[in-house]
Structure formats: structure tokens, C-alpha cells
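Structural description and commentary
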Amino acid sequence: MTNRQSTKERREQIAEAAMKIIGEKGLRAFTVAQIAQEVGIKDGTIFRHFKNKDEIVDTVLDRLEEVLAATVPPENEDPLERLAQFVKNRIAVVASQPGIQALLVTDDLVHAGGHGSLARVGKMRKVSHQFIHGRLHEAKERGLIRPEVRVEDIAVLLHGTIIGLVFMSKSGILDEPLSQRAGQVLDTLISSIRR
């Protein structure tokens, strides 16, 4: 027998289950039956809390925005240190919830939701990109980055670092904890561009 929970708690559980299913198993597995099984409830119970699957996707997007917003570190004197912390935070979140990476790099969430999903996922990607570019440009303007280093190239390397490290961790390729390896990789990358 399942425990009675408040509507808010149950909605959060359903959204987390949907995020996990879409992210880890793909859009084909995003069914009411799969969500119900993941949460441990009957299929029909889901529609006591949500009108339809589009509303579930909207709630998944809300949750994803919250999770990603929490990875932005507070202001710091050194934009490169703040940038490194941002990347470490993103890697930690994606490592703890592997489905998040798939939600951001595939269009499954866009296809699962209504018209607004594309714009919302695009906005999340853009916010991340702008944060990385913003800190790199700030560091460049303050003379913290060597003059010959192109900000656009380093931004690509940082995005790739996040994806690559999470992939390597998920595949069991890393021979040390992900957070430790991420710190080493970022230290190497930042020191290679620092003036």
C-alpha cells in the first residue's frame, strides 16, 4: 500500500520520475505506466495530480530550471574561479541525476511537451552558454586570460568538459571520483589560459 502524500509532494515525485525516465530511457519510455511504476502508484492516480502529459513536462521543466539555477555560484572576485565552480557544480548535479544531461543535449523533452517546451529548453541552454561566455569575457577584459586565447574556443572546451567527464564517469572509465577528476581537469584548463 502506498503512503498518502500531499498533492505537492506527489506532483514532485511524478515530475522527478518523468525527468528520470525521459533522461535515462528516452522519450519512448515516457508513458503514464512507466511513471506510475517508478513512483509506485496506479496509472490513474497520475491524473489526479496532472491534467495531461504536457502538464507533467511543464513541471519537469520547472524542476530542471530550479536544479540548474542552483549551480550558479555567488559573485567572486575572480571570474575564472567562479567559472570553474560553475562547471564543477554542473558536473556534480548531472552526475547525481544522469538524466539531466540527456534532457539538455537531446530534444526529447522538447518533443515530449507542448509548444513552450522548445523555448524553455532553449532558454536553459542559452543561460548556461551566457554564463560561461560572460565569465570568460570578464576575465579577458580584466587581463586574467592570455591575449591570444579565444573566448569562444575555451567556451567549447568547457561545455565539452562537462559532457565528457559525465560520460566517462557514467561509463566507468574514470579511475577516481568524478569530483576529484573534474577539479583536476578544470585546474589544468584554467591554468593553461590564465595570464
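Residues numbered from 1 in each chain as written. Predicted model: local features only at pLDDT ≥ 70, side-chain atom pairs only at ≥ 80, totals over all residues. Heavy atoms only, no water.

1. Thoughts on the overall build of the protein
Per the secondary structure count, the protein includes 10 helices and 0 strands. When the helices and strands of the protein are placed in sequence order, the string is α-α-α-α-α-α-α-α-α-α. The 195 residues of the protein split such that 42% are buried. Considering only contacts in the protein between residues 6 or more positions apart, those separated by 24 or more positions represent 62%. When the accessible surface of the protein is split by element, carbon and sulfur atoms take 52% of a total near 10,800 Å². One way to put it: in the protein the 28 positive side-chain charges average out to a point 3 Å from where the 26 negative ones average out. (Helix = DSSP H or I, 4+ residues; strand = E, 2+ residues; numbered from the N terminus. Buried < 20%, exposed > 50% of the residue type's maximum accessible area, 1.4 Å probe, protein only. Contact = heavy atoms within 4.5 Å. Areas by Shrake-Rupley, 256 points an atom, 1.4 Å probe, with all protein chains shown as cover. Lys, Arg positive; Asp, Glu negative; His and termini not counted. Charge placed at Lys NZ, Arg CZ, Asp CG, Glu CD.)

2. As for the pattern of salt bridges
Enumeration over the complete set of coordinates arrives at 14 salt bridges. Among the salt bridges present, the one from Glu 138 reaches Arg 135, with a minimum N-O distance of 3.1 Å. In this pair, Glu 138 and Arg 135 are both assigned in helix α8 (residues 116-141), 3 residues apart and thus about one turn of the helix distant. Taken together, the shared-partner salt bridges connect Glu 16, Arg 63 and Glu 66 into one network. (Salt bridge = Lys/Arg side-chain N within 4 Å of Asp/Glu carboxyl O.)

3. A word on helix α10 (residues 178-193)
The periodicity of an α-helix, 3.6 residues per turn, causes residues three or four positions apart to be oriented the same way. With 16 residues, α10 ought to run about 22 Å at 1.5 Å a step, and its terminal C-alpha atoms sit 23 Å apart, in line with that. Buried positions along α10 lie against α5 (79-96), α8 and α9 (151-170). (Expected span 1.5 Å × (residues − 1).)

4. What about the packing of aromatic side chains?
Using the criterion set out here, one finds 1 aromatic pair in the structure. A centroid spacing of 4.3 Å and a plane angle of 35° characterise the contact between Phe 86 and Phe 131, whose relative ring orientation is tilted. With a gap of 45 residues between them, Phe 86 in helix α5 and Phe 131 in helix α8 connect regions that are remote in the sequence. Overall, the relative accessible area of 9% leaves Phe 131 in the buried class. Looking at Arg 135, its charged tip hangs above the ring of Phe 131, at a distance of 4.9 Å from the centre. (Phe/Tyr/Trp six-rings, centres within 6.5 Å; stacked < 30°, edge-to-face > 60°. Lys NZ or Arg CZ within 6 Å of the ring centre and 35° of its normal.)

5. Quick notes on the nonpolar core
With 59 residues, the main nonpolar core has Ile 35, Ile 56, Leu 64, Ile 100, Leu 109, Leu 136 and Leu 158 as its most contacted residues. Setting aside anything within four residues of it in sequence, one finds Ile 100 in contact with Met 19, Leu 64, Val 67, Leu 68, Val 93 and Val 94. (Core = buried A, V, L, I, M, F, W, Y, C linked by side-chain atoms within 4.5 Å.)

6. Quick notes on the side chain of Thr 161
Secondary-structure assignment places Thr 161 in helix α9. Not counting residues within four places of it along the chain, the set of residues in contact with Thr 161 comprises Ile 91, Val 185, Leu 186 and Leu 189.

7. Remarks on the packing of α9 against α10
One way to put it is that α9 packs onto α10 with a least axis distance of 11 Å and a crossing angle of 160°. When the interaxial angle is binned, α9 and α10 end up roughly antiparallel. α10 is crossed by α9, and the crossing has right-handed handedness. Contacts between α9 and α10 involve Ile 154, Leu 157, Leu 158, Thr 161, Leu 165 and Ser 169 from the first element and Leu 178, Arg 181, Ala 182, Val 185, Leu 186, Leu 189 and Ile 193 from the second. Residues of the contact of α9 with α10, tallied by class, amount to 10 nonpolar, 2 polar and 1 charged. (Axes fitted to C-alpha atoms, helices over the stretch in contact; angles between N-to-C directions. Parallel < 35°, antiparallel > 145°, perpendicular 65-115°, else oblique. Left-handed = near helix turned anticlockwise from the far one by under 90°. Nonpolar A, V, L, I, M, F, W, Y, C, P; charged D, E, K, R; others polar.)

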